[in-house]
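If you want the building blocks of each chain, they are given just below.
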Amino acid sequence: MPDFTEARFPLFDHHCHGVVDAPVGDDEFRILASESDWPGPAGTDSLDSPFGLAVRRICAPLIGLEPLVPIQDYLAHRQSIGAPEANQLLLRSTGTSDYLLDTGIPDPRLLSPAGMAERANARSHEIVRIERVAESLAGESSAAAFVSGFPDVLGARTKDAAGLKSIIAYRHGFDIPAERPSKHEVQRAADEWFRTSEATGNFRVTDPVLLRAGLWAGIDTGLPIQLHTGYGDGDVELFRADPSRLNPLFQATRTLGVDFMLLHCYPFIREAGILAQIFPHVYLDVGLVSHYLGPSTGKAIREAMEIAPFSKVLYSSDAFGLAEHYAVSAALWRAEFAALMDEWVGSGWATPDDADRITSMVARGNAQRVYKLDTQEELHQSALELTEKS
Ligand SMILES: [Zn+2]
């Protein structure tokens, strides 16, 4: 039986989203509990899943229920204590000191970074989504002003941010040239984008030249750039989100001083690990499947730890909407990482000190180093309390 109370190492969650702090109906909970926008086939329950088991096993005791209560009882009790109370209990169970929140999903129900910090009793920092900044500027500008002004706007928007994120994998795929597009190419693409967008009222950026221009404007900021890779919702054509397609981009940016953070990676975890071993500026995590795989999460963690140096692997939850994602992700990561370290120590591959050092790097230290956030501050109180309790 894994130990879900293991909490010696404070976590630094380097990629996640806000939770819904308003009442969540049962149907909405089910939608938020997967990457699908649709309910399952009639007569089935989409929470009859690895994540559903994890909610019943891990989250039920955190909100005052027995482990493995039926999912309907769990949802009823969650409703009765209210979303703010459930969010607080679940978020504070994770022992997370810092959250890097991607604010690129325009859903007013999600808590802001400040709201999340309060609910979780932790620090929060913003990750700015490049495509969102481009789209917000496009609605109120001309094509020429967009081309000349975007880098400055992005620079201003990221003044206090910890990093950037690109969803180029969703909008086009990684089958793009590595080089920065020419000004002429960008102007031509922007003219076309504005022409069609003004006609349709839809400024969603999908043109590969504009997406590339955005990515390179992000590279120019010098901030770490998170890239969605692999598994995601129905918009992702999975084979085009394989991070090994980014090899030319990583070759072209190797000496520019920018770091790329490969998010999720499933099912391309081994490909991401290879890239992280080869390129000094490439990192990986297994967020998202840290909760969706439920009892099989350990397999993803083991693949992430197969080939990359330990300094290149980070913890993230990629939690979105439900605090259950946060709670399950942290508990499973802690239990499964500890099981792996016990195995390495038990079979003579590492000393107990090695295991603690490696765990602390992946849990927190690597993110602190890459994102260059203030590391002198005291660890946050909630994380410290958890550490002392264990
Ligand atoms: Zn995400």
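Here the structure is a predicted model, which means the values were calculated and not measured. (Residues numbered from 1 in each chain as written. Predicted model: local features only at pLDDT ≥ 70, side-chain atom pairs only at ≥ 80, totals over all residues.)

(A) Quick look at the overall build of the protein chain. Secondary structure summary: the protein chain contains 17 helices and eight strands in total. Its C-alpha atoms give the protein chain a radius of gyration of 21 Å, within 12% of the compact-globule value 21 Å for 390 residues. In terms of overall dimensions, the protein chain has C-alpha extents of about 60 × 50 × 40 Å along its principal axes. In the protein chain, which comprises 390 residues, the proportion classed as buried is 45%. (Helix = DSSP H or I, 4+ residues; strand = E, 2+ residues; numbered from the N terminus. Rg over C-alpha atoms; globule rule 2.2 N^0.38 Å. Buried ≥ 20, exposed ≤ 12 C-beta atoms within 10 Å, placed from the backbone.)

(B) Spotlight on the environment of Phe 194. As for its position among the elements, Phe 194 is in helix H9 (residues 183-200). Owing to 17 C-beta atoms within 10 Å, Phe 194 belongs among the partly exposed residues under this scheme. Residues Phe 194 and Ala 143, spaced 51 residues apart in sequence, show a C-alpha to C-alpha distance of 6.1 Å. Not counting residues within four places of it along the chain, the set of residues in contact with Phe 194 comprises Ala 138 and Ala 143. (Contact = placed C-beta atoms within 7 Å.)

(C) Unusual backbone geometry, seen in detail. Geometrically, the link from Tyr 266 to Pro 267 is a cis peptide bond, its omega value of 0° lying close to zero. The topology assignment puts Pro 267 in the loop between strand S6 (260-264) and helix H12 (269-278). Even without being glycine, Cys 265 reaches a positive phi, approximately 70°. When the 30 C-beta atoms within 10 Å are taken as the criterion, Cys 265 is described as buried.

(D) Highlighting the sheet that holds strand S2 (residues 96-102). Taken in spatial order, the eight strands of this open sheet run S1-S2-S3-S4-S5-S6-S7-S8, and their pairing is parallel. The sheet terminates laterally at strand S1 (11-16) and strand S8 (313-314), the two strands that pair on one side only. Judged from the five bridges that link them, S2 and strand S3 (residues 123-129) form a sheet pairing that is parallel. Residue Asp 98 lies in a different strand from S3, and its bridge partner there is Arg 123. (Pairing = 2+ DSSP bridges.)

(E) Focus on the nonpolar core. Within the largest apolar cluster, 106 residues are counted, with the highest numbers of intra-cluster contacts made by Leu 210, Leu 262, Leu 284 and Ala 327. If one sorts the elements of this core by residue count, helix H15 (residues 323-346) sits on top with ten residues. Beyond its immediate stretch of four places on either side in the chain, Ala 327 contacts Ile 58, Cys 59, Leu 62, Leu 90, Ser 93 and Thr 94. (Core = buried A, V, L, I, M, F, W, Y, C linked by C-beta atoms within 7 Å.)

(F) Broad picture of the pairing of strand S5 (residues 225-229). In terms of burial, S5 is a largely internal element, five of the five residues being buried. The side-chain alternation of S5 yields two buried faces, one formed by Ile 225, Leu 227 and Thr 229 and the other by Gln 226 and His 228. Pairing between strand S4 (residues 163-166) and S5: three bridges, direction parallel. Along S5, the bridge assignment pairs Leu 164 with Ile 225.

(G) Up close: the packing of H9 against helix H10 (residues 208-221). As a packed pair, H9 and H10 sit with axes 9 Å apart at the nearest point and diverge in direction by 120°. The angle between H9 and H10 places the two elements in the oblique class. As for how H9 packs across H10, the hand of that crossing is left-handed. Across from Glu 185, Val 186, Ala 189, Ala 190 and Trp 193 in H9, the residues of H10 making contact are Val 209, Leu 210 and Ala 213. Residue classes in the contact of H9 with H10 are distributed as seven nonpolar, no polar and one charged. (Axes fitted to C-alpha atoms, helices over the stretch in contact; angles between N-to-C directions. Parallel < 35°, antiparallel > 145°, perpendicular 65-115°, else oblique. Left-handed = near helix turned anticlockwise from the far one by under 90°. Nonpolar A, V, L, I, M, F, W, Y, C, P; charged D, E, K, R; others polar.)

(H) Summary view of helix H6 (residues 130-138). Along H6, the positions that sit buried rather than exposed are Ile 130, Glu 131, Val 133, Ala 134 and Ala 138. The arc that holds every buried residue of H6, seen down its axis, measures 160°, which confines them to one face. (Arc of directions from axis to C-beta.)

(I) The arrangement of the pairing of S1 in detail. Extensive coverage of S1 is indicated by the burial of six of its six residues. Taken together, the four bridges between S1 and S2 define a ladder with parallel strand orientation. What sits directly across from Asp 13, in S2, is Tyr 99.

(J) Region of interest: the environment of Glu 192. When you line up the elements, Glu 192 lands in helix H9. Judged by C-beta crowding, with 14 C-beta atoms within 10 Å, Glu 192 ranks as partly exposed. The spacing of Glu 192 and Asp 207 is 15 residues in sequence and 9.3 Å in space, taken between C-alpha atoms.

These figures capture arrangement, not role.
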